[in-house]
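These are the residues of each chain, in order.
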Protein chains: 4
Amino acid sequence: MQVGMIGLGRMGANMAQRLQQGGHEAIGFDPVPEARARLAAEGLGSVDTLEALAGALEAPRVLWMMVPAGAPVDATIAALQPLLSPGDILVDGGNSFYKDSQRRADALQQQGIVYLDVGTSGGVWGLAEGYSLMVGGDAAASARLSPLFEALAPAPDRGWGHVGPSGAGHFAKMIHNGIEYGMMQAYAEGFAILQRRADLVPDIAGLAELWRHGSVVRSWLLDLTAQALAGNPGLDGIAPYVPDSGEGRWTVAEAIELDVAAPVITQSLIERLRSRDGEAFADKLLSAMRDAFGGHGVKSTRPAAGP
Amino acid sequence: MQVGMIGLGRMGANMAQRLQQGGHEAIGFDPVPEARARLAAEGLGSVDTLEALAGALEAPRVLWMMVPAGAPVDATIAALQPLLSPGDILVDGGNSFYKDSQRRADALQQQGIVYLDVGTSGGVWGLAEGYSLMVGGDAAASARLSPLFEALAPAPDRGWGHVGPSGAGHFAKMIHNGIEYGMMQAYAEGFAILQRRADLVPDIAGLAELWRHGSVVRSWLLDLTAQALAGNPGLDGIAPYVPDSGEGRWTVAEAIELDVAAPVITQSLIERLRSRDGEAFADKLLSAMRDAFGGHGVKSTRPAAGP
Amino acid sequence: MQVGMIGLGRMGANMAQRLQQGGHEAIGFDPVPEARARLAAEGLGSVDTLEALAGALEAPRVLWMMVPAGAPVDATIAALQPLLSPGDILVDGGNSFYKDSQRRADALQQQGIVYLDVGTSGGVWGLAEGYSLMVGGDAAASARLSPLFEALAPAPDRGWGHVGPSGAGHFAKMIHNGIEYGMMQAYAEGFAILQRRADLVPDIAGLAELWRHGSVVRSWLLDLTAQALAGNPGLDGIAPYVPDSGEGRWTVAEAIELDVAAPVITQSLIERLRSRDGEAFADKLLSAMRDAFGGHGVKSTRPAAGP
Amino acid sequence: MQVGMIGLGRMGANMAQRLQQGGHEAIGFDPVPEARARLAAEGLGSVDTLEALAGALEAPRVLWMMVPAGAPVDATIAALQPLLSPGDILVDGGNSFYKDSQRRADALQQQGIVYLDVGTSGGVWGLAEGYSLMVGGDAAASARLSPLFEALAPAPDRGWGHVGPSGAGHFAKMIHNGIEYGMMQAYAEGFAILQRRADLVPDIAGLAELWRHGSVVRSWLLDLTAQALAGNPGLDGIAPYVPDSGEGRWTVAEAIELDVAAPVITQSLIERLRSRDGEAFADKLLSAMRDAFGGHGVKSTRPAAGP
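Because the structure is a prediction, the values reported are computed rather than measured.

About the thresholds
- Residues numbered from 1 in each chain as written.
- Chains lettered and ligands numbered in written order.
- Predicted model: local features only at pLDDT ≥ 70, side-chain atom pairs only at ≥ 80, totals over all residues.
- Heavy atoms only, no water.
- Helix = DSSP H or I, 4+ residues; strand = E, 2+ residues; numbered from the N terminus.
- Buried < 20%, exposed > 50% of the residue type's maximum accessible area, 1.4 Å probe, protein only.
- Contact = heavy atoms within 4.5 Å.
- Areas by Shrake-Rupley, 256 points an atom, 1.4 Å probe, with all protein chains shown as cover.
- Lys, Arg positive; Asp, Glu negative; His and termini not counted.
- Charge placed at Lys NZ, Arg CZ, Asp CG, Glu CD.
- Buried area = accessible area lost by both parts, 1.4 Å probe.
- Salt bridge = Lys/Arg side-chain N within 4 Å of Asp/Glu carboxyl O.
- Polar contact = N/O pair within 3.5 Å; in protein donor to acceptor, adjacent residues only side chain to side chain.
- Nonpolar A, V, L, I, M, F, W, Y, C, P; charged D, E, K, R; others polar.

**Structural notes on the overall build of chain A**
Move 1: When its secondary structure is counted, chain A shows 14 helices and 8 strands.
Move 2: Projected onto the principal axes, the alpha-carbon positions of chain A cover approximately 80 × 40 × 40 Å.
Move 3: A burial count over chain A gives 61% of its 307 residues as buried.
Move 4: Excluding contacts between residues fewer than 6 apart, the proportion of contacts in chain A whose partners are at least 24 apart in sequence is 64%.
Move 5: Accessible surface computed for chain A: about 10200 Å², of which carbon and sulfur atoms make up 53%.
Move 6: Put simply, chain A has 23 plus and 34 minus side-chain charges, and the middle of one group is 7 Å from the middle of the other.

See the structure below:
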């Protein structure tokens, strides 16, 4: 099957390659020459304009976007619209907010274009191990693209599925990432406690490796954790600074909107915010309050004066 | 290798069986005839007194306790002490508190008996899939028992290890369970949010199955979750009532003692407490306070009067 | 000073009355006859159309809305716009979202109308004790209305202030309510623990009263809590069901947007969501998972069968 | 009434002084000369041995300890025991763990000595404003000391009370401090959010002052917060480092022991632990995990190399 891959960052390039390996014809597009060069090195063709991409694909076309969520997706759609024809299928495989995907699908439907939101998990390992794909949108269009999904997934019959109408794919991916935040935080806390008792359990990398087999907490995230700890058990040189990328926030907002208590996913997000706050005004104020009622004094940020 | 298995509940019986399958000779002990009968049905021998067990084993003996944490372990040790000889090895494979294990190891050492604390994970699936074993205590004794560990583990070279001195095995298992609490809560919250949007993602059992392959959140707990949801997607008939069994509490207490922030593991425990509190006095008081300052009224527990 | 009070619910009616007591002339408006009748019983005049209200006030007019946040505020503004003249001041004293207030102020400014957002705290006790007023918007307009603020506040020189540009008043009120959620939850948890140890502290209402004097936790919320507990120490008949009214959610969303960790305010909101979730799907799933890996069984929602 | 005050730190010295002002005779004891000198400067007598103190008091004696919780209390009791007679009353006014107080009361009762545990709140402001006193232990002995409580409390008829049997006073104080942790954290978070929006609310010290009058969140802690912010609105020079002093931990442990969900009090404690953890191994591991599955890179602790 022929597919145009829009956005040749790591995710897009890897997916194009896996599609090609699966017997499909992936034509890449990226305005950045280096991105196209990486694809060429793998023997895949690419073009440098959307016009060229649209021209290179037989109608009805299949286009797959792997571009950053938000404005870049809207800009890409705006640029594509004059180039597409009724019956074309446009896939958003990125981490878009599901309500944006619903809005975009509605708008494109006016023009006879089918918009599928495909939540994609697997990260940098997807090329080798396959991607988990959650497809939202028109069921018939999803069925039409099943050869692509089968090639991208870990195996043709598993790891992908049509999960619901427009928005459902990105909704499912959003929740997936919320769960991921909670799992990661659970492991991080556990190993942080262990690390304080090196007198008792000196080799936490070894313990992580041990748990990979037979324990209740075995998981792919643990596999990666064990690998990270094996290479650098003290995590030397790594700052305690944790970004977050939108989907955790959306999950928290969605839970509140739906009146569902999600304390652990929420707290996992909050911990990431906390990790990036070097100032911690709240803690300063707590310290000031303790001093005010109890005369406890405060720890000063100023170095102690010399003799 | 010959081993006496003390306590033939599900864990003990399964482990005896797996040891036997691994070429070892497991002799069971349980005061309950039904427990011994189950073992006999599997072709394993058992005795009904500790005296008989001690007599049946060649010195230096290897005894493995799978009894409930706390008083039952102390009682078993007290009953065993007169029957054991220097050089014997006593294993506690249960979920004991690691400081208890340290105390017990110290006490038995006086008598020349080696006490190993072996944190054991794997649950009811361990018989088929193998157990994860975290061994604490004397390294030489651990090495002596390696044939047993190799048989119990998922494979001889993985899933078990000597993790540190006395207490380290149960300490590691305690943290393991703390992590498990956090992971479970993360999944539970995610699926609870999904379940409220059945309009968008109607088949959450299918989504759980999908995620098992290629997604970042794939894990053994997810495998079980997918299975549970497949059989009963609405979780009908299951009360929202979640017990906790000690290790979560100990992990929380340990984190606080060590000044380590473990908000997610802690909150996972608190949610279990909350799930069992039908009264929720705190919520009643919040409702009363809102009424007191805002005149918002309260929801009554009394059914509305008829017309 | 003359002021038109729009919305004669408890808050609006009480504020009109306090203004009148302070020597101002408050003219009420409410479409509901009963609401006007209550005002009349206090000797205050009111009208039944906004047209009549606009006609009754001398220009430049001062109008003060106490209507529910959201659509009702927009509807009131839309109905008022043709009736107002440049130089009029319109106050929103309700619990509007601060970004809505900024938008409304911008729109009305086009027409030469000044819009002030006045966060108002004090609840049903404000009539007797005065209101806390956080004024956002044009400083000169705020100064012009100072006689009204002085009458509404607990004392002319305290409890009110111009806190910043448009939106600042409602922003400050939003944070105020976030703090309120956290404080309420802290008290609620403390008394819930105490209530479980009635063997030790049998009279928690008495303890609440005791703490009102000299303790570090003394506060107005504690005064109300003591009063609520004095009348009903077991909180009998009150369901553990706690509504939330928007500002807690907005505070949580704002904290996340600003990358500020606010775990306690957030958790206080989550506990309210939890209090209203009779089903607790997450807890059901936790129970199912425990059974799946540990064979622990689940608590059934079905009553046990008879003999 | 005559009373021996043991421990002349700030709390003990202030309380001795307030008792003296209330018409009682307070005789101080402290091994540290400077502590006794401070008392002398206020015109109060003191001695430098417990023997001298016991000798100076008429039987039945009243002794009041204000010494640090834990070992110092046990040491003081051990030193006092040979010096006391049946009928003497010994008060522990410090922050002891309530189970310790129960144990001590039981032990002293053997000797005919009454032990009262008096939870004391009020901090450095107690001298001027009075202390909140929660009395646990024998009711008759509590009644006998009522003149002392009346002098220490904010007013004779309020702010103190006999709250239950031995341990109840310190139990109540423990919960009091747990609530205090939650309230402090709620304020701290609210002001931390505000501080990020100085564009909107530039004067948070002024807002704190405003809220002191008429708002729902008015409290004594807010009074102190307003004062602290007024003097140093940016909290310059104060490190975001918050100690905790035992009672928060005990409250958390007690809540868990009683199966009461106390998420906010617990999270307030955890935030303090977090504030003191400069390393934050958990956050480092989260960062490493993100890099491992997503190739997101990590923030390095090493300064970027020069050109």
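After that view, the rundown keeps rolling.
**A few points about the interface of chain D and chain B**
How big an interface is tends to be reported as the loss of accessible area on association of its parts.
Move 1: Taken together, the contact between chain D and chain B spans 19 residues of the former and 19 residues of the latter.
Move 2: Buried surface at the junction of chain D and chain B, both sides included, amounts to about 1500 Å², of which 71% is carbon and sulfur.
Move 3: The interface formed by chain D and chain B holds 4 salt bridges in total.
Move 4: Residue Arg276(D) is joined to Asp259(B) by a salt bridge in which the shortest nitrogen-to-oxygen separation is 3.3 Å.

**A short note on the interface of chain C and chain D**
Move 1: On the chain D side, the residues contacting the 68 residues of chain C number 67 residues.
Move 2: Both sides together, the interface formed by chain C and chain D hides about 5600 Å², and carbon and sulfur atoms give 74% of it.
Move 3: Contact with chain D buries surface across chain C, with Ile193(C), Leu200(C) and Val216(C) losing the most and accounting together for 13% of the total.
Move 4: Taken together, the links from chain C to chain D amount to 4 salt bridges.
Move 5: Across the pair Glu254(C) and Arg197(D) runs a salt bridge, and its minimum N-O distance is 3.4 Å.
Move 6: Here chain C is connected to chain D by 18 residue pairs in polar contact (both at pLDDT 80 or more).
Move 7: Secondary-structure elements contributing two or more residues to the side of chain C that touches chain D are helix H5 (98–109), strand E7 (132–136), strand E8 (160–164), helix H9 (168–196), helix H10 (204–211), helix H11 (220–231), helix H12 (247–257) and helix H13 (263–275) of chain C.
Move 8: A per-element tally of the side of chain C that touches chain D places H9(C) first, with 18 residues.
Move 9: When grouped by side-chain class, the residues that make up the side of chain C that touches chain D number 36 nonpolar, 21 polar and 11 charged.

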